[in-house]
Amino acid sequence: MFTNTNLPCSSHTTTHNTKPEYSTVPELRDAFIATLQSLHGKTLKQSTNQEKFEALVWLTRKIISKNLIETKKQRAHDAPKQVYYLSIEFLLGRLLENNLVNLSIKEICAEALSQLGIELDILLGQEEDAGLGNGGLGRLAACYLDSMAALGLAGHGCGLRYRYGLFEQTIINGYQHESPDNWLKNQSYVWEYRRPEEKTTIRFGGTVRVQTNGKIKFIHENYESIIAVPYDVPIVGYRNELVNTLRLWSAEIDVGNHTCYVHGGDCNSVIDYKHTIESLTDILYPHDTYYEGKLLRLKQQYFLVSASLQSIIRDFRLQHNSLKELPDKIAIHINDTHPALAVPEFMRILLDDCSLDWDEAWNLTVHTLSYTNHTVLPEALEKWPVSMLEHLLPRIYMIIHEINERYCHELWNSYPGDWDRIRSMAVISDDQVHMAHLAIAGSHSVNGVAEIHTEILKKSVMNHFYTHTPDKFSNVTNGITQRRWLLTANPRLADLISDAIGSSWIEYPCDLAKLAPLVKDTAFLEDLASVKMHNKLKLAKYIKDKYNVVVDVHSIFDSHIKRIHAYKRQCLNVMHIMDLYNRLQENPQLDITPHTFIFGGKAAPGYYKAKKTIKLITTLADKINNDTSINSKLKVLFLENYNVSQAELIIPASDVSEQISTASREASGTGNMKFMMNGALTIGTLDGANVEIRNAVGASNIFVFGLSAEEVLNYYRHGGYNPWDIYNNDSRVKIILDQLINGFFPVNSDESTQNELATTYRDKNRWQSMCLMNIAHSGWFSSDRTFSEYAADIWKMDQPIPLWCHCLPEDYARITPGRDVHVDSIMLS
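Residues numbered from 1 in each chain as written. Predicted model: local features only at pLDDT ≥ 70, side-chain atom pairs only at ≥ 80, totals over all residues. Heavy atoms only, no water.

## Brief notes about the overall build of the protein chain
Looking only at helices and strands, the protein chain features 32 helices and 23 strands. At 27 Å, the protein chain has a C-alpha radius of gyration in line with the 28 Å of a compact globule built from 829 residues. Judged by the C-alpha coordinates and their principal axes, the protein chain covers about 90 × 75 × 70 Å. Just so you have it, the protein chain exposes about 33,200 Å², and 51% of that area is on carbon and sulfur atoms. (Helix = DSSP H or I, 4+ residues; strand = E, 2+ residues; numbered from the N terminus. Rg over C-alpha atoms; globule rule 2.2 N^0.38 Å. Areas by Shrake-Rupley, 256 points an atom, 1.4 Å probe, with all protein chains shown as cover.)

## Some details on the state of the cysteines
Using the criterion set out here, one finds 0 disulfides in the structure. Here cysteine 354 stays unpaired: no disulfide links it, and the sulfur of cysteine 158, its closest cysteine neighbor, is 17 Å away. On the accessibility criterion, cysteine 354 (12% relative accessible area) is buried. (Disulfide = S-S within 2.5 Å. Buried < 20%, exposed > 50% of the residue type's maximum accessible area, 1.4 Å probe, protein only.)

## Brief notes about the sheet that holds strand β15 (residues 432–434)
Sheet architecture is open: 3 strands sit in the order β13-β15-β14, paired in antiparallel fashion. The outermost strands of the open sheet, each flanked by one partner alone, are β13 (383–385) and β14 (428–429). In this structure, β14 lies alongside β15, joined through 2 bridges in antiparallel fashion. Counted as the bridge partner of serine 429 is glutamine 432 from β15. (Pairing = 2+ DSSP bridges.)

## So, the environment of lysine 299
As for its position among the elements, lysine 299 is in helix α8 (residues 291–319). Setting aside chain neighbours within four positions, we find lysine 299 in contact with Phe204, Glu224, Leu280 and Leu392. (Contact = heavy atoms within 4.5 Å.)

## Brief notes about the packing of aromatic side chains
As enumerated under the stated definition, the model contains 15 aromatic pairs in all. Taking 5.9 Å as the distance between ring centres and 75 degrees as the angle between the ring planes, the aromatic pair formed by phenylalanine 204 and tyrosine 302 counts as edge-to-face. With phenylalanine 204 in strand β6 (residues 200–204) and tyrosine 302 in helix α8, this residue pair connects regions lying 98 residues apart in the sequence. On the basis of relative accessible area, phenylalanine 204 is assigned to the buried category, the value being 2%. A residue is classified by how much of its surface remains accessible, and tyrosine 302, at 4% relative accessible area, is buried. Residues tyrosine 790 and tryptophan 795 carry aromatic rings whose centres are separated by 5.1 Å and whose planes lie at 15 degrees to one another, so their mutual orientation is stacked. What links up through ring pairs into an aromatic cluster is the set Tyr85, Tyr144, Phe787, Tyr790 and Trp795. For the cation-ring pair, arginine 421 lies above tyrosine 415, with the distance from its terminal atom to the ring centre recorded as 4.4 Å. (Phe/Tyr/Trp six-rings, centres within 6.5 Å; stacked < 30°, edge-to-face > 60°. Lys NZ or Arg CZ within 6 Å of the ring centre and 35° of its normal.)

## Quick look at the pattern of salt bridges
Side chains that differ in sign of charge can pair as their charged atoms come close. The tally for this structure, following the rule as stated, stands at 40 salt bridges. Note that glutamate 192 is salt-bridged to arginine 161, the shortest N-O span being 2.9 Å. With a gap of 31 residues between them, glutamate 192 in the loop between β4 (175–179) and β5 (193–194) and arginine 161 in the loop between β2 (155–160) and β3 (168–172) connect regions that are remote in the sequence. Assigned by exposure class, glutamate 192 and arginine 161 land together as buried. Ionic pairing is found between arginine 483 and aspartate 784, a salt bridge with its closest N-O pair at 2.6 Å. Considered together, arginine 483 and aspartate 784 belong to a single accessibility category, that of buried residues. It is possible to trace a salt-bridge network through shared partners that takes in Arg195, Glu198, Asp232 and Arg247. (Salt bridge = Lys/Arg side-chain N within 4 Å of Asp/Glu carboxyl O.)

## As for helix α4 (residues 106–115)
Listed in full, the buried residues belonging to α4 are Lys106, Ile108, Cys109, Ala112 and Leu113. For α4, the angular spread of buried residues about the axis comes to 165 degrees, placing them on one side. The elements touched by buried residues of α4 are α1 (25–40), α2 (49–78), α3 (96–102) and α5 (120–124). (Arc of directions from axis to C-beta.)

## Re the environment of methionine 347
You can see methionine 347 is positioned in helix α10 (residues 342–353). Residue class for methionine 347 comes out buried when judged on its relative accessible area of 0%. In this structure the C-alpha to C-alpha distance between methionine 347 and leucine 525, which are 178 residues apart in sequence, comes to 58 Å. Excluding its chain neighbours within four sequence positions, the residues that come into contact with methionine 347 are Trp358, Ala361, Trp362, Thr365 and Ile399.

And the structure:
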């Protein structure tokens, strides 16, 4: 946990103080009309909502562009250390409202548009979610970009400009169907700036010739070259006039440099080649169950890191004289293993392009790079066949091979004769290149993303690495941005909070703890319940309009929205619902608390079990929702095509947050934090950040069940768990499992915890008090705190603007006397 108290706490200051571009309603109203006419050549009356949306975006971009230029100018003068965050995903969601809020013009914008007969919310709804990510990894990266800009940190995201998102999910006859997510159908993204003058060349294939002329030189020949063109998306800081960038790389080709075949002037071959090249950045996560899909994934990963690192070092050399300054002026962060090829690519640039010797290049690489691990699942720890890397990236493979040789030699010196240990830590073993091992060897810092996750890494999954270099390992618990997930997603709750304790929480999230003394304020708790009801009515209308299902807004809205995966245990939730349904069928007058169960999430196209789980949920929903005998006491919904915008609708309306992953499997989770911040109560296992949420809010304000991580890991190691015993000895479980195959449908949860939850919901005052305590203690889970830890402890950032106060458990003890702030130590054998 971050405990550096030497960072100064100060009120937030801006980099440059200039008069806002549009400071009055008439100014903004007139500018909007002028922009609309200039952009589309139409009057207001003739324009569509989409055209009005585009005019508002361009008006906003004008302000952003000015701030971006000023930010770059000041940073060129101040030369602060810059961080580059490499991630295969950035799930941004819609940006217009966020940008209007951060620029302090949302209110006058709404008023100006209102005077023209336009509802701002209608224009906000025109924006498509950018198809640049899939789930938690991409949303986390987006939160970090927001905090980086809000904190005044000089930094950039580095990703890929996918022409198509993961996929559009539709549910047909209960089954998931995938179609292309054509989010760039207009050929461009409204927020991006194309920078063709900063393009780089990426090399694939070919051969490497070794030339010895006094000094060994490696010459890459006969390669295929692909142009990487950057598109910069501005990331606007909260009310500080600072603008960072998310740089997205696109694979392109200059058709003008290719001659068409002369036979009849046919240029089809050139056009076909263009499409082949550009397909490199067509889609996120190509299907990797076949060789070509795996190869494309590997090409994407190298394309990302090579383009990014070439650009980073090029910019560095324009501003600094000596490469020795690299670790002092640049931090490059590897977000999960997808960008792990940054290690050998950084070495390649320093060795081949900058003519450094190995030891000097390796020292600079290790001290510049850092790595976050996001998983303990073996299938998610990437490995690539040696033959594939050797063929696709011959020079990179040579460097990886040399890294492996030197690293194994270092291990031999430390553990002579311990071949099993060395083999388990080698970068190359069993004809595979282990990307997590490469990232650990080539970084000065390795962090987990929740206390329990980091302990599992240190004591189990990466124990050998930890005992070899313990100082490399640390924990930085994930976080979310309160500006997106509370201020923007839940404006009524944000207003209620600000009216009660002031608005400082927007910039100092731990000030939310000032809400805790209101836990006995009946009037405030009633207002809190009113906000929740407003959000539930909004979601209920969406469900009725889209699915023609009427839900009881007084029922418990129980949400399980996340990627469909075995360890996230949507099936366990289904079993609980089936048990409730069975009991209601036996006794339709059974006095149970009405429930509305809401599911959402996508299954990977090749993940058969996950897709069958969706079919199970939709089949159960169809049966329950059409059974009039249970008096609408249960409803089940699967909301298709789950994305950020849908999450912003579901989370503020939810009463219960399902976080029921198998303990030890979920690294952290961030959905749990979003629900918590919006006043939903968690039911879950002691896994990932659930442990820290329990410690923050207190055991009486969360519903916990199931085995501990240590108990689960002991079963994995030693056996002793027999599901047949449960099936044969628990009649409810047996009935449910039998119903899956006995024709009950057209095609073991901890019941005592669920009963406790349902009973507690009926005590409205108690429930709202628990909701309030969750909101009050959600500030520590802000990505502002997370990024402050990264900046101070890992990247050693020295900013002209002091970092905002970080959050410590002691803050809660001070504001909420008597609360237990003990953080459990997790000892895993």
